[in-house]
Amino acid sequence: MSTAETDGPVRDHGRMANAIRMLAADAVQAANSGHPGMPMGMADVATVLFTRFLKFDPTVPDWPDRDRFVLSAGHGSMLQYALLYLTGYADVDRAQIAAFRQLHSRTPGHPEAFLTRGVETTTGPLGQGLANAVGMALAERMLNARFGDDLVDHRTYVIAGDGDLMEGISHEAISLAGHLRLHKLTVFWDDNGISIDGRTALAVSDDQLARVRACGWDGTAVDGHDPVAVGDAIIQAQQSDRPFLIACRTTIGYGAPTKAGSEKAHGAALGAEELAGLRQHLDWPHAPFDVPEPILAVWREAGLRGQAPRQAWQRRLAAVELDRRGRFETALAGTLPEGWQDVLTAFKRNVCGAPPKVPTRKASQDVLEHLVKAVPTLIGGSADLTGSNLTKAKEMERVAPGDYGGRYIHYGVREFAMAAAVNGLALHGGFIPYCGTFLVFADYMRNAMRLSALMGLRVVYVLTHDSIGVGEDGPTHQPVEHLAMLRATPQLTVFRPADSVETAECWALALSEVRGPSVLALSRQPLPTVRVHHTAQNRCAQGGYVLEEADGPRRVTLIATGSEVAVAKRARELLQGNGIGAAMVSLPSWELFEAQPAAYRSHVLGGAGVLRVAIEAAAPFGWERYVGPDGLIIALPSFGLSGPGDALFAEFGLTGEAVAEKVMAKLGA
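None of these values were measured; they are calculated from a predicted model. (Residues numbered from 1 in each chain as written. Predicted model: local features only at pLDDT ≥ 70, side-chain atom pairs only at ≥ 80, totals over all residues. Heavy atoms only, no water.)

Inspection of the secondary structure puts Glu-505 in helix α21 (residues 500-512). Looking at Glu-505, the relative accessible area reads 1%, which means it is buried. (Helix = DSSP H or I, 4+ residues; strand = E, 2+ residues; numbered from the N terminus. Buried < 20%, exposed > 50% of the residue type's maximum accessible area, 1.4 Å probe, protein only.)

Below is the structure:
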C-alpha cells in the first residue's frame, strides 16, 4: 500500500468528501461549539489519503505496522472523528458523532489518545502534533533498523494548519526531521490563508516551502480540492528521500454560501441558515448525521483495504525466528526484561559499601551505565547538554541521519521539540525514552510535558542543575519556581533524590512503578551519600520516609529533598547536640507520598506537638501541606544570585547551622 492501489474511490470522491463536510458541520451545529471550517476545507485531502494511501485496519486499530495519522490541527477534530466513523472504527459510531463535545463522549473537543481508538496522539496546542509525528517517524526508522522491513515499514502522515507552522516548536521539529532525513514523514499543510483574527497575511508572510527546503525537506504545492493532484503529490512524497511538505491550497468552510473562505467559518457553528445553504450547495438533502448507504458503503470498503496487508504482516511475524519475534513483541509491549532490577540492587549495595560524594546527575549516569545493558529498549538524548546532564552511557551509539541503529539522540538546542518528539517515540511504541536538559529549561518544554502527563506516557525527563547549586551561572540558570510548577501538574511524578542510592531507586520507579511521565531533578554539585546502610527495599517507593529517627522523644521533624537532605542531616546533629530530639525525613516524591495511607504519612511527619520543618532550595509554595500552620519553611524567598554554590546556600540560610538556629528560635530554645 505504498502507492494508490486503485483509482476507484476517485469516482465517488465528491460525495465521500461531502460526507465529511456535513458530519463536521452538523456535529458542530448540534454542540453549538467547535471548528467546522478546517474539516470542510481539508475533506478532499483526507478522502484521498484515507481511501487510497493510508495503511490502516479499523478492526485492529493498534496493528503495529499501520501508518500513523496525526491531526496536528487538533481543533479540526471532527475531521478525524468523521474519518473514524466512515471507515468503520468501532469506537466512533453515529451516536458518538452526534455526541461531539459532550461529557464522557469519545468525541471530545480535541482528539485524545487512549480515549478514542484510532487517535494516535492528543493534539490541540498547535505545533505539538507535528513534533509528535517527528518522534513517531523516528521511532519507525529506529525499530526498522533493529527488526527489518518485513516487520517495520510504515509511514507517518500529518495534517497541519497555518497555526501549527507559526508556532516556534514547528521550526525546531522541522529542523530536526530534516537533519535526521526522516523520509517517511509527510505533512499536509492546510494552506487556507485564514486564522482566528482574519487573513494570515495580518501576521505572517513566510514562504513555507522555501523554509522547509532550507531545513532539508522536499515539497510541492497543490490545489487541495483536486483529488488527482493530491494523489500525485502523495506519490511524489513516497518516492522522496527526505521528509515532505504538501502545501494544499484550500478554502476554509468549503461549500458554506457566505462564510467559506472567511474566519467566520473557523471556530463557531455555521448557524441554521448557513447550514441550510451548505446542504443546498453540496446537494446533501439528508438529515443531520445521516450518510446515505451507497456513500457509507464505499467508505467502509475503503476501511477494509488494510485487512489484507495486516494479515500478510501477521503471517510474516509468525514466520520470524522465535528470538527475533520475542524481542519485537517485548519491545512493543513495553515489558521490562526479567531480572532488570537486579543490576540496581547490586549498584545500591556497592554504593553503600563505598559511599561516594558525587552530583546526583553523575549518579544518574552511573545508574544508566547499568540500565542500558539491562533494558535494551531504553533510549536517551539531550538538548545539546550531554556532557552536563550526563545522559549518555558509554555503550550508547548515536542516532544519525540514515543510521538509526543507535540509542542516543542529539536533539540540539531544541528543548520543546525534544519533549514533544519524545512523546511521539513513546506513543509509537517499541522504546522507553528519556531526555535531558537543565531544570530551569523545563519552561521551554512545559506544554509538551503537560501533554505527556495528560496522555500518561512513560517518559523520563532528566532535569539537572536543579537549584542555586548551579552557582556562578546566576539566577538565569538557577531554578526556583520550577519544582512547584512541575509538582502542580497532574499525573506527573517528580523525583528529587538525595544521593546515589535514591537516584537508583527513583530511576527504578520511573521505569516500572509510576504510571505516566517522571521528572528526575538532579544536582550539579557533589552530594554526600546519606543512605549508607544497604537494603534491597526501594524506600523511595513510599515517596518519603524517616531516614534518621530522633534520639529520644521527637520534638522536630526535618523534611528535605535532594541536596538539602544533607543540610537536614547536619541540622539534626546540631539539634540533638542541644538536647532537641529531631527526626530527619527524605521526601524525594511528593506524589508517591500523597498516595500513602494517612497513618503512614502522619508517622513520617510526626504527630501533634512536633514542629515540622521543610528545607528546600526552591520556592516555598506547596510545603504548607506538610508543615501545617505552625510549621517552618526554610526555602528561597526570591530568585538566586551569581556566586559559588556554597556561598549561595549560606547566603540564603540553607546550611545545617542556619537551619538549627532557626529551629531553636522557633522552639524558644
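Alright, that's what it looks like, and here's the rest.
With that out of the way, let us pick up the pairing of strand β18 (residues 582-586). The buried fraction of β18 amounts to five of the five residues, a majority that puts the element mostly inside the structure. Taking every second residue as pointing to the same face, both faces of β18 are buried, with Ala-582, Met-584 and Ser-586 on one and Ala-583 and Val-585 on the other. In this sheet, β18 lies alongside strand β16 (residues 545-548) in antiparallel orientation, the contact comprising three bridges. Bridge assignment links Val-546 to a residue of β18, and that residue is Val-585. As judged from the five bridges shared by strand β17 (residues 556-560) and β18, these two strands associate in the parallel manner. Across the sheet, Thr-557 pairs through a bridge with Ala-583, a residue of β18. (Pairing = 2+ DSSP bridges.)

Next up on the list: unusual backbone geometry. For Phe-114, which is not glycine, the phi torsion reads 75 degrees and is therefore positive. Mapped onto the secondary structure, Phe-114 falls in the loop between α5 (94-98) and α6 (128-147). Look at Arg-181: it is not a glycine, yet its phi comes out positive at around 55 degrees. Within the fold, Arg-181 resides in the loop between α8 (168-180) and β3 (185-191).

Moving on: the sheet that holds strand β13 (residues 493-495). Spatial ordering of the open sheet is given by β10-β9-β11-β12-β14-β13, a layout of six strands whose pairing is parallel. Each end of this open sheet is capped by a strand with a single partner; those strands are β10 (408-410) and β13. Strand-to-strand twist across the sheet, computed as the mean angle between neighbouring axes with direction ignored, equals 20 degrees. In this sheet, strand β14 (residues 518-522) lies alongside β13 in parallel orientation, the contact comprising three bridges. What sits directly across from Phe-495, in β14, is Leu-520. Its contacts with the sheet place helix α18 (residues 415-428) against β9 (378-382), β10, β11 (432-438) and β12 (460-464), and it is angled at close to 170 degrees to β11. (Axes fitted to C-alpha atoms, helices over the stretch in contact; angles between N-to-C directions. Contact = heavy atoms within 4.5 Å.)

The subject of this paragraph is the packing of helix α2 (residues 13-31) against helix α3 (residues 37-53). Between α2 and α3, the shortest axis-to-axis distance is 8 Å and the interhelical angle comes to 130 degrees. The angle between α2 and α3 falls in the class oblique. In the crossing of α2 with α3, the sense of the turn from one axis to the other is right-handed. Together, His-13, Met-16, Ala-17, Ile-20, Arg-21, Ala-24 and Ala-25 of α2 and Pro-39, Met-40, Ala-43, Asp-44, Ala-46, Thr-47, Val-48 and Thr-51 of α3 make up the contact between the two elements. Residue classes in the contact of α2 with α3 are distributed as 10 nonpolar, three polar and two charged. (Parallel < 35°, antiparallel > 145°, perpendicular 65-115°, else oblique. Left-handed = near helix turned anticlockwise from the far one by under 90°. Nonpolar A, V, L, I, M, F, W, Y, C, P; charged D, E, K, R; others polar.)

As a further point, take the state of the cysteines. According to the stated counting rule, one finds zero disulfides in the structure shown. The cysteine Cys-248 is free of any disulfide, with Cys-215 supplying the nearest cysteine sulfur at 19 Å. For Cys-248, a relative accessible area of 0% puts it in the buried group. No disulfide involves Cys-435; its sulfur sits 17 Å from the nearest other cysteine sulfur, which is in Cys-506. (Disulfide = S-S within 2.5 Å.)

Residues Trp-507 and Leu-558 are the most contacted members of the largest nonpolar core, which totals 80 residues. With eight residues, the single largest contributor to this core is α21. Ignoring sequence-local partners within four residues, the contact set of Trp-507 consists of Ser-364, Val-367, Leu-368, Leu-371, Tyr-434, Val-460, Val-462 and Leu-520. Core analysis: the second largest hydrophobic core is formed by 76 residues, Ala-133, Met-418, Leu-425 and Leu-457 among them. (Core = buried A, V, L, I, M, F, W, Y, C linked by side-chain atoms within 4.5 Å.)

Turning our attention to helix α27 (residues 656-667). Two residues of an α-helix separated by three or four positions point the same way, owing to the 3.6 residues in each turn. With 12 residues, α27 extends 16 Å between its outermost C-alpha atoms, agreeing within 8% with the 16 Å of an ideal straight helix rising 1.5 Å per residue. The set of residues buried in α27 consists of Gly-656, Ala-658, Val-659, Ala-660, Val-663 and Met-664. Considering only its buried residues, α27 is in contact with β17, α22 (564-577), β19 (611-615) and β20 (632-634). Remark: Gly-668 follows α27 within two positions and exhibits a positive phi of approximately 75 degrees. (Expected span 1.5 Å × (residues − 1).)

The strands that make up a sheet are held in pairs by hydrogen bonds between backbone atoms, and each pair lies either parallel or antiparallel. The five strands lie next to each other as β1-β2-β3-β7-β6, forming an open sheet whose pairing is parallel. In this open sheet, the two edge strands, each paired with only one partner strand, are β1 (68-71) and β6 (218-223). Averaged over all pairs of adjacent strands, the angle between strand axes in this sheet comes to 20 degrees, irrespective of strand direction. In this sheet, strand β7 (residues 244-249) lies alongside β3 in parallel orientation, the contact comprising six bridges. Bridge assignment links Trp-189 to a residue of β7, and that residue is Ala-247. Its contacts with the sheet put helix α10 (residues 227-239) on β2 (156-161), β3, β6 and β7, and the angle it makes with β6 is roughly 175 degrees.

Applying the stated rule across the entire model yields 15 aromatic pairs. Each ring, one from Phe-50 and one from Phe-69, has its centre 5.1 Å from the other, and the planes form 80 degrees; the classification is edge-to-face. In this pair, Phe-50 sits in helix α3 while Phe-69 sits in strand β1, placing the two residues 19 residues apart along the sequence. Phe-50 sits in the buried class, given a relative accessible area of 4%. Taken together, Trp-590, Phe-593, Tyr-600, Trp-623 and Tyr-626 form an aromatic cluster joined through their ring pairs. (Phe/Tyr/Trp six-rings, centres within 6.5 Å; stacked < 30°, edge-to-face > 60°.)

This part is about the side chain of Thr-220. Mapping Thr-220 onto the fold places it in strand β6. If near-sequence neighbours (up to four positions away) are discounted, Thr-220 is found in contact with Leu-209, Arg-213, Ala-233, Gln-236, Phe-244, Leu-245, Ile-246 and Ala-247.

A few words now on the environment of Gly-353. Along the chain, Gly-353 turns up in helix α15 (residues 342-353). Separated by 180 residues in the primary sequence, Gly-353 and His-533 place their C-alpha atoms 8.3 Å from one another.

Model confidence for the protein is summarised by a mean pLDDT of 97, while 98% of its residues fall at 70 or above. Element-level pLDDT for the protein is lowest in helix α1 (residues 8-11), with a mean of 56, against a maximum mean of 99 in β3. (pLDDT = per-residue confidence, 0-100.)

With that settled, consider the pattern of salt bridges. For the structure on display, the rule yields 32 salt bridges. We note a salt bridge from Asp-26 to Arg-279, for which the minimum N-O separation is 2.7 Å. In this pair, Asp-26 is assigned in helix α2 and Arg-279 in helix α11 (residues 272-282), connecting sequence segments 253 residues apart. Relative accessible area serves as the criterion here: at 15%, Arg-279 is assigned to the buried category. We note a salt bridge from Glu-505 to Lys-348, for which the minimum N-O separation is 2.8 Å. (Salt bridge = Lys/Arg side-chain N within 4 Å of Asp/Glu carboxyl O.)

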